[in-house]
Amino acid sequence: MENKLKRPIHESLQLVALGANVPADGETLQHTLIEAVKAIARMGFSIRAVSRFFQTPCFPVGAGPDYVNAALALRSPWDPSQSLAHLHAIEADFGRERTQRWGQRTLDLDLIAVGDMILPDATGFHAWYALDPALQAKAAPDCLILPHPRLQDRAFVLAPLADIAPDWRHPVLGQSVSAMLSRLPPDDIASATPI
């Protein structure tokens, strides 16, 4: 009898932010995100929760039309770097071209956090977390940084995450998603409007 071992589902919950501000194939942005969720499931991710969709202003201001954002909680059979590679492949299938940092996009899939992992390590995380704001738009890491070093600053990430993982705690800052969202300026919070 042959012993067939299944690859285990990754034990830690993976949090993914979705966004789009350029229609793919003439469809609505909401349609793009719905189809992206289906593509993520077909890829082999096990989706545990999907947030509401939110309309949010383009970031940075003036870089393009408004976004539709959402968040997913999922598990996968892959380590975080492999999961990110699969997410990038899905982005490419939706016409995403990585030509400009923080530019317009047909689909953006960001691996925001994986359980309480800190990658590549605490020193690497802190270097990106403390990066001078003037350099943030120019510099891109050459490895996966987890948790995402800007997540605590962005209502367009935190508002959808609060729908599906309000109690997830940032492993460095020690704050829950709900707490991080509540600490943002009121105008930032109000800018993430459920659709």
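Here the structure is a predicted model, which means the values were calculated and not measured.

### Thoughts on the side chain of Arg150
Piece 1. One can find Arg150 in the loop between α4 (133-136) and α5 (155-164).
Piece 2. Engagement of the side chain of Arg150 in a polar contact is seen with the backbone oxygen of Trp128, the distance being 3.0 Å.
Piece 3. Contacts of Arg150, omitting those with residues within four sequence positions, involve Trp128, Tyr129 and Gln136.

### Concerning the environment of Asp25
Piece 1. Its place among the elements puts Asp25 in the loop between β1 (14-20) and α1 (29-43).
Piece 2. You can call Asp25 exposed: its relative accessible area is 79%.
Piece 3. Taking the C-alpha atoms as reference points, Asp25 and Gly95, separated by 70 residues in sequence, lie 8.9 Å from one another.

### Some remarks on the packing of aromatic side chains
Piece 1. Going through the model one piece at a time under the given rule, you end up with two aromatic pairs.
Piece 2. A ring pair is formed by Phe45 and Trp78, whose centres lie 4.9 Å apart and whose planes are at 70°; its orientation type is edge-to-face. Taken together, the residues Phe45 in the loop between α1 and β2 (46-50) and Trp78 in the loop between β4 (67-75) and α2 (80-93) connect sequence positions 33 residues apart. For the pair Phe45 and Trp78, a shared accessibility class is recorded, and that class is buried.
Piece 3. Relative to Tyr129, the ring of Phe125 lies with its centre 5.6 Å away and its plane at 20°, an arrangement referred to as stacked.

### Observations regarding the side chain of Ser83
Piece 1. With respect to the helices and strands, Ser83 occurs in helix α2.
Piece 2. Taking the relative accessible area as the measure of exposure, Ser83 reaches 0% and is therefore buried.
Piece 3. What Ser83 contacts, discounting residues up to four positions off in sequence, is Gln14, Phe45, Ser76 and Trp78.

### Quick word on the layout of surface pockets
Piece 1. Space inside the second largest pocket adds up to approximately 320 Å³.
Piece 2. If you trace the second largest pocket, you find 17 residues lining it, with Phe59, Asp153, Ala155, Phe156 and Asp188 closest to the centre.
Piece 3. Of all the elements in the fold, those that place two or more residues in the lining of the second largest pocket are α4, α5 and α7 (186-191).
Piece 4. Looking at the lining of the second largest pocket, the element that brings in the most residues is α7, giving three residues.

### A few points about unusual backbone geometry
Piece 1. Cis geometry marks the peptide bond from Leu119 to Pro120, where omega comes out at 0°.
Piece 2. Leu146 connects to Pro147 through a cis peptide bond whose omega is -10°.
Piece 3. With respect to the helices and strands, Pro147 occurs in the loop between α4 and α5.

Conventions used here
Residue positions are given per chain, counted from 1 along the sequence in the order it is written. The predicted origin of the model limits local features to residues at a pLDDT of at least 70 and limits the giving and counting of side-chain atom pairs to 80 or more, whereas totals for whole chains, interfaces and linings rest on all residues. The basis for every side-chain value is the complete set of heavy atoms in the structure, and neither hydrogens nor water enter the calculation. Counting from the N terminus, the helices are DSSP H or I runs at least four residues long and the strands are E runs at least two residues long. Identification of polar contacts relies on pairs of N or O atoms within 3.5 Å, with a donor-acceptor requirement for protein atoms, meaning one able to donate a hydrogen and the other able to accept it, and with residues adjacent in sequence counted only if both atoms are side-chain atoms. Contacts: residue pairs with any heavy atoms within 4.5 Å of one another. For every residue, the accessible area (1.4 Å probe, protein chains only) is compared with the maximum for its type, and the residue is labelled buried under 20%, exposed over 50%, or partly exposed between those bounds. Note on aromatic pairs: the rings of Phe, Tyr and Trp (six-membered ring only in Trp) are paired at centre separations within 6.5 Å, and the planes decide the class, stacked below 30 degrees, edge-to-face beyond 60, tilted for the rest. Here the term cavity refers to a set of points on a 1 Å grid, laid over the protein atoms alone, in which a 1.4 Å probe fits but cannot get out; the term pocket refers to an open set having protein on both sides within 12 Å along at least five of seven lines, with lining residues being those that place an atom within 4 Å of a point. Grid points are joined across faces, edges and corners, and a volume is the space filled by probe spheres set on the points.

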